[in-house]
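For reference, the chains in residue letters:
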Amino acid sequence: MSSQHGPASIADFRIAAQRALPKMVFDFFDGGAGSELTLRENRAALDRIRLVGSAPVDVGHRSAAISLFGKPLSMPIIIGPTGLAGAAWPAGDQALARAAAQAGIPFVMSSAASASMEAVAAAGEGRKWFQLYLFRDREVSLRLLQHAQALGFEAIEITVDNAIPGRRLRDARNGFSLPFRWTPKKLLSLATHPGWALRMARAGAPRLEVMAAEFDLRSAATIAEVMEQQLDPTVSWDDIAFIRDRWKGPLILKGLLDPVQGARAAELGLDGIVVSNHGGRQLDGAVASIDMLPEFAAAVAGRLAILVDSGFRSGTDVIKALALGATAVQLGRATLYALASGGEEAVSRALSILAAELDVAQAMTGSPTIADIGPAKLRLPPPLIRTERVATPGELASSRPQTFAAA
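Report follows, based on the coordinates.

## Details of the pattern of salt bridges
Next, step 1: Going through the model one piece at a time under the given rule, you end up with 19 salt bridges.
Next, step 2: Between Asp291 and Arg48 there is a salt bridge whose closest N-O contact spans 3.5 Å. Remark: Arg48 occurs in helix α3 (residues 37–48) and Asp291 occurs in helix α14 (residues 289–300); sequence separation between them is 243 residues.
Next, step 3: We classify Arg48 as partly exposed; its relative accessible area is 35%.
Next, step 4: Residue Asp309 is joined to Lys254 by a salt bridge in which the shortest nitrogen-to-oxygen separation is 3.4 Å. Of the two residues, Asp309 sits in the loop between β10 (305–308) and α15 (315–323) while Lys254 sits in strand β8 (residues 251–256), which places them 55 residues apart along the sequence. A single burial state applies to Asp309 and to Lys254, both of which are buried.
Next, step 5: In the salt-bridge network here, residues are joined through shared partners; they are Arg14, Lys23, Asp27, Asp30, Glu36 and Arg170.

Now the structure itself:
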């Protein structure tokens, strides 16, 4: 891919990915739950926030480097866990890991990866974390935890916002399944994407390698069915404490939207949290992750690292999150779009674009270092004040006027 003529933004990579992938595969990566209200709100919430330019400030020397869990990052960005990356590009998980290593940032391997843990551990020399599900069979989760430790994964990121799988209507309408099932309509889409078809024919159809090693997946037609069969809706803080006792490295809890749970994570001695609505793929109508950051920052009061994901597409998005209290931002779709459009080289290009955008934002807001980025760099939209609404039966009985503020 030529750096002069290739995509110049994550939005460009999304367009390239849509062209490169059959519709059902693109929609699997791009889609959200239900009506996709939360998917849209993630972007709308970020777009409502404005940056405050500040000059003259000496920004002749700038650095985006931070320290996280006692080790350096070149910038406050992490490639987060994304399932079935091999459907975007052969050996996609390994490509993401190598691109992250080259950029000097961590890569989080998903339990729903399309590569073995050994293959990802051997891909590049960078920092690698492992995303862990708490399965109905806790022995499976414990084996994966022990395997991650043996392979040198630095941190564990437990995902907890998936008691049951979200209703992803695009997948249902497209008949997205594993293994792929080809109807005449799907074959037509395949014929119009010969590059993807040839790559998959050479590499073999992707599958959930980590989960296939532990479970018999033949009884499930879709990824949602796999998750519904294996994930446990009874997960509680006792389970998190169980993992905390058995993992002495950095332990991160992913999928929090309630600040009360952030405070609980700090009290339990966790090292980090990920404020996340799962990219809009679980609860349709959920709040945007970025909108909850100030409440989490107040709740944890610096006791652990605050990561955030869902909707981030630019360096200016990243600086907004940092100003609202985030330690770093995890990417999901952004790097998947790049992966689908050109493999490892494209992912490296996307990370370079994000780094350049972050550098511009730092310079223009008068922020030579990440530590200089705070709430003063932003202007937030004023809260909506509603003075009229439909009264509840109890309010009708009391007939008192009601006034309330909406977040």
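## Looking at the packing of aromatic side chains
Next, step 1: Applying the stated rule across the entire model yields 6 aromatic pairs.
Next, step 2: Where Phe28 meets Phe176, the ring centres are 4.6 Å apart and the plane angle is 5°; that geometry is what we call stacked. In this pair, Phe28 is assigned in helix α2 (residues 23–30) and Phe176 in the loop between α7 (169–174) and α8 (184–191), connecting sequence segments 148 residues apart.
Next, step 3: An aromatic cluster is defined as three or more aromatic residues linked by ring pairs; in this entry it consists of Phe28, Phe29 and Phe176.
Next, step 4: The ring of Phe28 has Arg281 sitting right over it, with the charged end atom 5.3 Å from the ring centre.

## Topic: the nonpolar core
Next, step 1: Among the nonpolar cores identified, the biggest contains 120 residues, and Phe130, Ile273 and Ile290 are the most heavily contacted of them.
Next, step 2: The element best represented in this core is helix α16 (residues 333–364), accounting for 14 residues.
Next, step 3: When sequence neighbours within four positions are dropped, the list of residues in contact with Ile290 reads Ala45, Leu46, Ile49, Phe312, Lys320, Ala321 and Leu324.

## Side note on helix α4 (residues 92–103)
Next, step 1: For α4, built from 12 residues, the straight-helix expectation of 16 Å at 1.5 Å per residue is met to within 8% by its first-to-last C-alpha distance of 17 Å.
Next, step 2: Considered for burial, the residues of α4 that qualify are Gly92, Asp93, Gln94, Ala95, Leu96, Ala97, Ala99 and Ala100.
Next, step 3: Turning to α4, the residues buried within the fold contact β4 (77–79), β5 (107–109), α5 (117–121), β6 (128–132) and α16.
Next, step 4: Phi turns positive, to about 80°, at Gly104, one or two residues after α4.

## What about the environment of Ser116?
Next, step 1: Here Ser116 shows up in the loop between β5 and α5.
Next, step 2: Separated by 184 residues in the primary sequence, Ser116 and Val300 have C-alpha atoms spaced 35 Å apart.
Next, step 3: Those residues in contact with Ser116 that lie beyond four places of it in its chain are Met109 and Glu209.
Next, step 4: There is a polar contact of 3.0 Å between the side chain of Ser116 and the backbone nitrogen of Ala119.

## Notes on the pairing of strand β9 (residues 272–275)
Next, step 1: Covered by surrounding structure in β9 are Gly272 and Val274 together with Ile273 and Val275, the residues of both alternating faces.
Next, step 2: Here 4 bridges tie β8 to β9, and the two strands are oriented parallel to one another. Across the sheet, residue Lys254 finds its bridge partner in β9, namely Val274.
Next, step 3: You can see the chain leave β8, run along helix α13 (residues 259–267) and come back into β9, and the turn it takes is right-handed.
Next, step 4: Relative to β10, β9 is paired through 4 bridges, and the arrangement is parallel. Pairing of Val274 across the sheet is with Leu307, part of β10.
Next, step 5: The parallel pair β9 and β10, bridged by α14, forms a crossover whose chirality is right-handed.

Rules used throughout
Residues numbered from 1 in each chain as written. Predicted model: local features only at pLDDT ≥ 70, side-chain atom pairs only at ≥ 80, totals over all residues. Heavy atoms only, no water. Salt bridge = Lys/Arg side-chain N within 4 Å of Asp/Glu carboxyl O. Helix = DSSP H or I, 4+ residues; strand = E, 2+ residues; numbered from the N terminus. Buried < 20%, exposed > 50% of the residue type's maximum accessible area, 1.4 Å probe, protein only. Phe/Tyr/Trp six-rings, centres within 6.5 Å; stacked < 30°, edge-to-face > 60°. Lys NZ or Arg CZ within 6 Å of the ring centre and 35° of its normal. Core = buried A, V, L, I, M, F, W, Y, C linked by side-chain atoms within 4.5 Å. Contact = heavy atoms within 4.5 Å. Expected span 1.5 Å × (residues − 1). Polar contact = N/O pair within 3.5 Å; in protein donor to acceptor, adjacent residues only side chain to side chain. Pairing = 2+ DSSP bridges. Right-handed = clockwise from strand over helix to strand, strands pointing away.

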